[in-house]
Amino acid sequence: MVMGQDKRPPEEAQPDVPEKVSGDEPLLAARVHRPSDLMRLLVGLLAIGLVIAVAAFAHGTTSGLEEDINKGAVGAPDVFVKIAGLVSSIAVLLVPVAFAIERLIKRDGLRIADGVLAAVLAHGVTLATDLWVAQAAPSTIQDALTQPQSGGGLTDPVHNYLAPVIAYMTAVGMARRPRWRVSLWAVLLLDAFTMLVAGYTTALSIILTVLIGWTVAYGTLYAVGSPNVRPTGQTLLAGLRRVGFRPVTALRAEGVPETADSGDRGRRYIVTLEDGPPLDVTVVDREQQAHGFFYRAWRRITLRTITTRRSIVSLRQALEQEALLAYAAIAAGANAPKLIATSELGPDAVILVYEHIGGRSLDSLDDAEITDELVHGAWRQVRALQSRRIAHRRLTGDAILVDRSGKVILTDLRGGEIAAGDLVLRMDIAQLLTTLGLRIGAERAVAAAVEVLGPDAVADCLPLLQPIALSRSTRATLRKLARERSAREREAVLAASEAAKHERELAKAEAAAGRKAVRAETKAEKKADKKAEKRALDTALDEAREEDLLAQIRQQVLLIRPQAPVEPVRLERIKPRTLVSLIAGAVAAYFLLSQIARTPLSTVSEADWRWVAAAVVFSAISYVAAAMALLGFVPERVGFWRTAAAQVAGSFVKIVAPAAVGGVALNTRFLQRGGVRPGLAVASVGASQLVQLGVHITLLLSFGYLTGTEKSQSFTPSRTVIAGLLTVAVLVLVVTAIPFMRKFVSTRLRSLFAGVVPRMLDVLQRPMKLATGIGGMLLLTGAFVLCLDASIRAFGHGSTTLSYASVAVVFLAGNALGSAAPTPGGVGAVEGALTLGLVAVGLPIEVATPAVLLYRLLTLWLPVLPGWICFNWLTKREAL
């Protein structure tokens, strides 16, 4: 709290101040990590990569540019060039020193420390770049960044004194001081010009130097944080005095937690004046305005048709937008806070002064306090806004205020729109329906909306009633409710299962006591018991199943307008998974095309077709092995050949989904259609995946050990195996040492073992099933290893072959990378891993490349058509 001198009693000095206020001004962090610094860092890295790419591939352009510069430099006086070079080289070091002295005199040493740290890092980066260009970079990059010298050497690719100076001046904030900025840039440009004319550097070298200094500076600022310049309550009081008010106290109001929806609304104060009623003052600074920047930018990229507000808005633009919306809302007849003054609060903040409204938000009201009149009042405010085509865009519970008289007031208009389109207006209705439905239920929310807006307006919002169109906080609440609903359904099913089991045990006990012929009827009774248990579980699941809130709202609207459109409007321009798949697919396509281009056609024509046929056979065996691996963990009776057909269908599914996701979903669906209950189907597939992971790791370690010892007389493992084991041990220690990572892993493992362990106990009681499952996994791995080995022998012609242990290690490592890759079927990741692995164990790349392509052709691409046929066949027979 920021207090002035006030001799009046507290109750007179602070009229109408709500009880929930912060008694003290919260301490601001000394340093903040600005998203803008991170964005500049990423842009700088991208620009550096672009310059290096130009240097590597546009050799003709860079050579022509150097020739033009050399021709233009012929007429420059030599004396002028030498004098300018001497002056600039001295001044480029003196100007930063002078600025540092000036900052130290003004006690701003933290900025100087940031600048020195950035300069040191930039110097290290330039030395590393010089070393890379001199020893490892392609000759085209070296030619583009260096100039030959008379003594036979080359100039530095990056100037190790210019980059630190640029990093220093950027980190200390000289850009905000025009005189210092102009003087330093003039010196830098003069120095660069003289070096170009004298032939000591190239244009691309100068550009790369500037980019390195600029990028390192913003990377340093983001890593260590920038000094916090957010205004305090004392600064606020001074700003209010400058616009004609006479404040006495400023109490920081307790607000909602900062999120991407609400974090940029500013800090709120309740200010009491010497004369007159109190004021509500909002302070908006650059740090709060940048809150949620990446979330807004992502939504702007992925959503279409929706007019999202700009991700980067200046403070003045934000001030003008909120003022315009405040005046427009009042002119439309809506109840909104009255804006009475605005002002800048220094270069990094603005204030908006409103009349004080004493009231509580909808979120803070108890359910009993939300009356029908209050709900109707909220809808009337929305109707008033929409009559002038004003969209609020944030109709969440904290934006709806209720004063002492029960009047509804809409706040937080900054994110709204003037002259909004129909789609955005309908989104407001969908948002408010959901907000009210979360508090009072779908029936009351829809009834009030229909009464105020009319049935047609409410029915038109149904296509927008989808999570992506709602606010971030509302989506989080809906996800939380969905998790609670799923937990209740699981508890109901488990309770029904326990009850059915208890009833069967009682029936068996009674039968034994009555000396009934239990043995003769055991098989029939077991079958009847299973059917009865399944019926009981299905009944319990149907009774416990609850519809989500959005479905309830749709049903209520359809009761009034049965013909209302319900097909959701597609709002996403592109889904995150699609974006990742496109990027990964493009990289994979480039990799594959480059590898195919390097493979001569003669290599394919000279392939040994006997080994190609063997590879085809091993590929076909893998589907039989996959069916065994799945059925070994399903105690229920499921057809073997239909299961094998499902594994073939998985070849089609994994082309359109990541390898680790498509097969799991298909097998789970197949088992459910085969009569296995949903929970048990998920547990069976989970048990299969868990055991397969254990088998995979065991085989990888075993074959890795054999690979390390096959060229040695002793059985000591190789250094690579030891290094791998130590790396795994270190990762396990890191995960268990960091609290949030330990909690994340333990939560996932707990949820996994909760369903898998009981299923594993059922399987352990059937040794033949367990043997079938593990045998299928070993056969599956062996079939793939033999397929890859046959592909290698098809192009190696007997002269270049590897041991089975080496091929197995390469396959197991490549398969693990493919399962982790987000691309369909692991495209790109598997090819790269297998090729690099085969080359690393001694296979020539001329053999490794076509062998990997043949292996992937047989195991990924050729089975797509049979997989599509099996998928359709199983679907028609309702097996999928």
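In this convention, every chain numbers its residues from 1, walking through the sequence in written order. This being a predicted model, a pLDDT of at least 70 is required before a residue's local features are given, and a value of 80 or more before pairs of side-chain atoms are given or counted; all residues contribute to the totals for chains, interfaces and linings. Water and hydrogen atoms play no part in the side-chain values, which are based on all heavy atoms of the structure.

### A few points about the overall build of the chain
Note on conventions: DSSP H or I runs of at least 4 residues are helices, E runs of at least 2 residues are strands, and numbering of each starts at the N terminus. Within the chain, the regular secondary structure consists of 33 helices and twelve strands. Nonlocal contacts in the chain, meaning residues at least 24 apart in sequence, comprise 77% of its contacts between residues at least 6 apart. In short, Shrake-Rupley with a 1.4 Å probe defines the accessible areas, and a residue's cover is counted only from the protein chains shown. When the accessible surface of the chain is totalled, it reaches about 45,700 Å², and 63% of it is carbon and sulfur. In what follows, a contact means two residues having at least one pair of non-hydrogen atoms within 4.5 Å.

### Comments concerning the packing of helix H14 (residues 372-387) against helix H15 (residues 422-440)
Between N-to-C directions, angles span 0 to 180 degrees; the directions come from axes that are lines fitted to C-alpha atoms, helices contributing only their stretch in contact. H15 packs onto H14 with a crossing angle of 170° between their chain directions and a minimal axis gap of 11 Å. In terms of orientation, H14 lies roughly antiparallel with respect to H15. In this structure, H14 uses Val375, Ala378, Trp379, Val382 and Gln386 to contact H15, whose residues at the interface are Leu425, Asp428, Ile429, Leu432, Leu433, Leu436 and Ile440. Classification convention: Asp, Glu, Lys, Arg as charged; Ala, Val, Leu, Ile, Met, Phe, Trp, Tyr, Cys, Pro as nonpolar; all other residues, Gly among them, as polar. Of the residues that constitute the contact of H14 with H15, the class distribution is ten nonpolar, one polar and one charged. The labels follow the angle: roughly parallel below 35 degrees, roughly antiparallel above 145, roughly perpendicular from 65 to 115, and oblique for the rest.

### Quick notes on unusual backbone geometry
Where the residue is not glycine, phi is negative for most of them; where a peptide bond is considered, it is trans in most cases. Backbone geometry at Arg393 places phi at a positive 75°, although glycine is not the residue there. Mapping Arg393 onto the fold places it in the loop between H14 and strand E11 (400-403). A 1.4 Å probe rolled over the protein chains alone gives each residue an accessible area, and that area as a share of the maximum for its type sets the label: buried under 20%, exposed over 50%, partly exposed in between. Classification of Arg393 as partly exposed rests on a relative accessible area of 24%. A positive phi angle, close to 55°, is found at Ala419, a residue other than glycine.

### Thoughts on the pattern of salt bridges
Here, a salt bridge means any side-chain nitrogen of Lys or Arg that lies within 4 Å of a carboxyl oxygen of Asp or Glu. Under the criterion given, the structure shown has 14 salt bridges. In this structure, Arg393 and Glu417 form a salt bridge, with 2.6 Å as the shortest nitrogen-oxygen distance. One end of the pair, Arg393, is in the loop between H14 and E11; the other, Glu417, is in the loop between strand E12 (408-410) and H15, with 24 residues separating them in the sequence. For Glu417, a relative accessible area of 15% corresponds to the buried category. Between Asp789 and Arg793 there is a salt bridge; the shortest N-O distance is 2.7 Å.

### Examining a nonpolar patch on the surface
Like charges within 9 Å and nonpolar side chains (Val, Leu, Ile, Met, Phe, Trp, Tyr) within 5 Å are joined into patches, using only residues over 30% in relative accessible area that form no salt bridge. Together, Met39, Leu42 and Leu45 make up an exposed nonpolar region whose accessible area comes to about 250 Å². On the secondary structure map, Leu45 appears in helix H2 (residues 35-57).

### Some remarks on the packing of aromatic side chains
Think of it this way: a Phe, Tyr or Trp ring, Trp meaning its six-membered ring, pairs with another when their centres are within 6.5 Å, and the plane angle makes it stacked under 30 degrees, edge-to-face over 60, tilted otherwise. One pass over the structure, following the stated rule, counts three aromatic pairs. With 5.1 Å between their ring centres and 80° between their planes, Phe640 and Trp641 make a pair best called edge-to-face. Classification of Phe640 by relative accessible area gives partly exposed; the value is 28%. Here, a charge over a ring is recorded when the distance from Lys NZ or Arg CZ to the ring centre is within 6 Å and its angle to the ring normal is within 35 degrees. Taking NZ or CZ as reference, Arg793 lies 5.4 Å from the ring centre of Trp611, over its face.

### Re the sheet that holds strand E10 (residues 359-361)
Two strands pair if DSSP finds at least two bridges between them. Strand order in this open sheet of three strands is E10-E11-E12, and the pairing throughout is antiparallel. Looking at the sheet topology across the chains shown, the edges are occupied by E10 and E12. With direction set aside, neighbouring strand axes in the sheet form an average angle of 35°. Of the strand pairs in this sheet, E11 and E12 are connected by three bridges, and their pairing is antiparallel. Across the sheet, Ile400 pairs through a bridge with Leu410, a residue of E12. Relative to the sheet, H14 contacts E11 and E12, its axis offset from that of E12 by approximately 40°.

### Side note on the nonpolar core
We call a set of buried Ala, Val, Leu, Ile, Met, Phe, Trp, Tyr and Cys residues a nonpolar core when their side-chain atoms join them within 4.5 Å. Ranked by size, the top nonpolar core spans 53 residues in total, and within it Trp379, Leu433, Leu436 and Ile553 carry the most contacts. Residue contacts for Leu433: discarding those within four places in its chain leaves Trp379, Ala445, Val446, Ala449, Val458, Cys461 and Ile553.

### Considering helix H16 (residues 442-453)
For H16, with twelve residues, the first-to-last C-alpha span of 16 Å sits near the 16 Å given by 1.5 Å per residue. Within H16 the residues assigned to the buried category are Ala442, Ala445, Val446, Ala448, Ala449, Val450 and Val452. Of the surrounding elements, those touching the buried residues of H16 are H14, H15, helix H17 (455-459) and helix H20 (549-560). Just downstream of H16, Gly454 is the residue with a positive phi angle, here 100°. A helix is expected to span 1.5 Å multiplied by its residue count minus one.

### A few points about the side chain of Asp398
With respect to the helices, strands and loops of the structure, Asp398 is situated in the loop between H14 and E11. Identification of polar contacts relies on pairs of N or O atoms within 3.5 Å, with a donor-acceptor requirement for protein atoms, meaning one able to donate a hydrogen and the other able to accept it, and with residues adjacent in sequence counted only if both atoms are side-chain atoms. Within the structure, the side chain of Asp398 is placed 2.6 Å from the side chain of Thr396, a separation counted as a polar contact.

### Digging into the packing of H15 against H20
Close contact between H15 and H20 brings their axes to 10 Å; oriented N to C, the two are set at 110°. The pairing of H15 with H20 is recorded here as roughly perpendicular in orientation. Across the interface between the two elements, Leu433, Thr434, Gly437 and Leu438 from H15 touch Leu549, Leu550 and Ile553 from H20. Residue composition of the contact of H15 with H20, grouped by class: five nonpolar, two polar and no charged.

### Comments concerning the environment of Ala55
Position of Ala55 among the secondary structure elements: in helix H2. As a C-alpha pair, Ala55 and Leu204 span 149 residues in sequence and 7.6 Å in three-dimensional space.

### Remarks on the environment of Val676
Tracing the sequence through the fold places Val676 in the loop between helix H25 (659-673) and helix H26 (678-709). Taking C-alpha positions, Val676 is 8.9 Å from Arg637, a pair spaced 39 residues apart along the chain.

### What about the confidence of the model for the chain?
Residues shown with low pLDDT carry predicted positions that ought not to be read at fine detail. Averaged over all residues, the pLDDT of the chain is 75; the fraction at 70 or higher stands at 67%. Per-residue confidence from the predictor is reported as pLDDT, which spans 0 to 100. Confidence drops under pLDDT 50 across residues 256-263; counting only partners more than four residues distant or on other chains, this segment forms 19 contacts. Note on residues 516-520: pLDDT is under 50 here. Beyond four places in sequence and across chains, it has three contacts.

### Observations concerning the pairing of strand E9 (residues 349-355)
With six of its seven residues buried, E9 lies for the most part within the structure. Two elements, strand E7 (residues 279-285) and E9, share seven bridges in a ladder whose sense is antiparallel. Bridge pairing in E9 places Leu279 opposite Glu355. Where strand E8 (residues 339-344) meets E9, five bridges bridge the pair, whose relative direction is antiparallel. By the bridge assignment for E9, Thr342 is matched with Leu352.

### Here we look at a positive patch on the surface
On the surface, Arg472, Arg479, Lys480 and Arg483 cluster together into a positively charged patch. Examined against the element boundaries, Arg479 turns out to sit in helix H18 (residues 472-513). Charge counting follows a simple rule: Lys and Arg are positive, Asp and Glu are negative, and His as well as the terminal groups are ignored. Note that the charge is assigned to NZ on lysines, CZ on arginines, CG on aspartates and CD on glutamates.

### Describing the environment of Val557
Looking at the element boundaries, Val557 is found in helix H20. Looking at Val557, the relative accessible area reads 3%, which means it is buried. C-alpha of Val557 to C-alpha of Leu462: the two residues are 95 residues apart in sequence and 8.2 Å apart in space. Residues within four places of Val557 in sequence aside, it is in contact with Val446, Val458, Ala459 and Leu462.

### So, H14
Helix length check: H14 (16 residues) gives 22 Å between terminal C-alpha atoms against 22 Å at 1.5 Å per residue, within 8%. In this structure, the buried side of H14 is in contact with helix H13 (315-331), E11, E12, H15 and H16. Positive backbone phi, approximately 55°, marks Arg389, located one or two places after H14.

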